[in-house]
Amino acid sequence: MVESNFLKDESFGIIPIFCQGDTYLFLLIQHQAGHWGFPKGHALAGESPLQAACRELVEETGISDYTLLEGVEFVEHYTFTKKDKTFEKTVTYFPALVKSDMVKCQVEEIQSYTWAARETALALITYEPSKQILLEVDRYLTTSNC
């Protein structure tokens, strides 16, 4: 196995899903940096990945009433460069069905948000790894009994 010189970075998030009739809507946020994706963030000392994801969802969106889809998670990997350092990023997402589509954005981190069905969400999400995660979640939802 080849060792890389990349720094490691990990984040955790919830993919909020709202059922509108027979359509699944996904919550996308526009980060202050301008890109569209899902709510996520880093774990604090002593937090589990799921605890971090749940805390970040509440902080960034105000959403606290949801039901996690138990036993399922989705992971994306990508690299990025910041201040001349290259990072290998891993983001673990936990999908959750939300009870309401009300969102209260954390203005320090989020500039906008939208609830979007699959095709609209795919067109809006900025980065390919997040588009792949959306497709995996959608496939899971349409083949399971959630």
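That block above? That's the structure.
What you see as residue numbers is a count from 1 along each chain, following the sequence as written. Local features in this predicted model are restricted to residues whose pLDDT is 70 or higher, and side-chain atom pairs enter the listing and the counts only when it is 80 or higher, whereas totals over whole chains, interfaces and linings include all residues. Side-chain metrics rest on all non-hydrogen atoms present in the structure, leaving aside hydrogens and water.

**Some words on the environment of K89**
Here comes step 1: Mapped onto the fold, K89 is located in strand β7 (residues 85-98).
Here comes step 2: Sequence-wise, K89 and S11 are 78 residues apart; in three dimensions their C-alpha atoms are separated by 7.7 Å.
Here comes step 3: Whether two residues touch is decided by their heavy atoms; if any such pair falls within 4.5 Å, the residues are in contact. Contact partners of K89, with chain neighbours within four places excluded, come to D9, S11, K40, H42, E76, H77, Y78 and F80.
Here comes step 4: Polar contacts, as used here, are pairs of N or O atoms within 3.5 Å; protein pairs need one atom able to donate a hydrogen and one able to accept it. Residues neighboring in sequence count only if both atoms are side-chain atoms. A polar atom in the side chain of K89 sits 2.7 Å from the side chain of S11. In this text, helices come from DSSP runs of H or I with a minimum length of four residues, and strands from runs of E with a minimum of two, each type numbered from the N-terminal end.

**Details of the pattern of salt bridges**
Here comes step 1: We define a salt bridge as a contact between a side-chain nitrogen of Lys or Arg and a carboxyl oxygen of Asp or Glu at a distance within 4 Å. Under the counting rule described, the total for this entry stands at seven salt bridges.
Here comes step 2: Of the charged contacts in the structure, one is a salt bridge between E88 and K8, with a shortest N-O distance of 2.4 Å. Of this pair, E88 sits in strand β7 while K8 sits in strand β1 (residues 7-20), placing them 80 residues apart in sequence.
Here comes step 3: The shortest N-O distance in the salt bridge between E59 and R55 comes to 3.2 Å.

**Section: the packing of aromatic side chains**
Here comes step 1: In this scheme Phe, Tyr and Trp rings, the latter by its six-membered ring, pair at centre separations within 6.5 Å, and the angle between planes marks the pair as stacked below 30 degrees, edge-to-face above 60, and tilted otherwise. One pass over the full model with this rule turns up five aromatic pairs.
Here comes step 2: For the ring pair F74 and Y140, a centre distance of 6.2 Å and an interplane angle of 75 degrees mean the geometry is edge-to-face. With F74 in strand β6 (residues 74-82) and Y140 in helix α3 (residues 128-143), this residue pair connects regions lying 66 residues apart in the sequence.
Here comes step 3: For F74, a relative accessible area of 7% puts it in the buried group.
Here comes step 4: Taken together, a centroid distance of 5.0 Å and an interplanar angle of 10 degrees make the contact between F80 and F87 stacked.
Here comes step 5: Each residue gets one of three labels from its accessible area relative to the maximum for its type: buried under 20%, exposed over 50%, partly exposed in between, using a 1.4 Å probe on protein chains only. A residue is classified by how much of its surface remains accessible, and F87, at 17% relative accessible area, is buried.
Here comes step 6: Aromatic ring contacts, followed pair by pair, group Y78, F80 and F87 into a single cluster.

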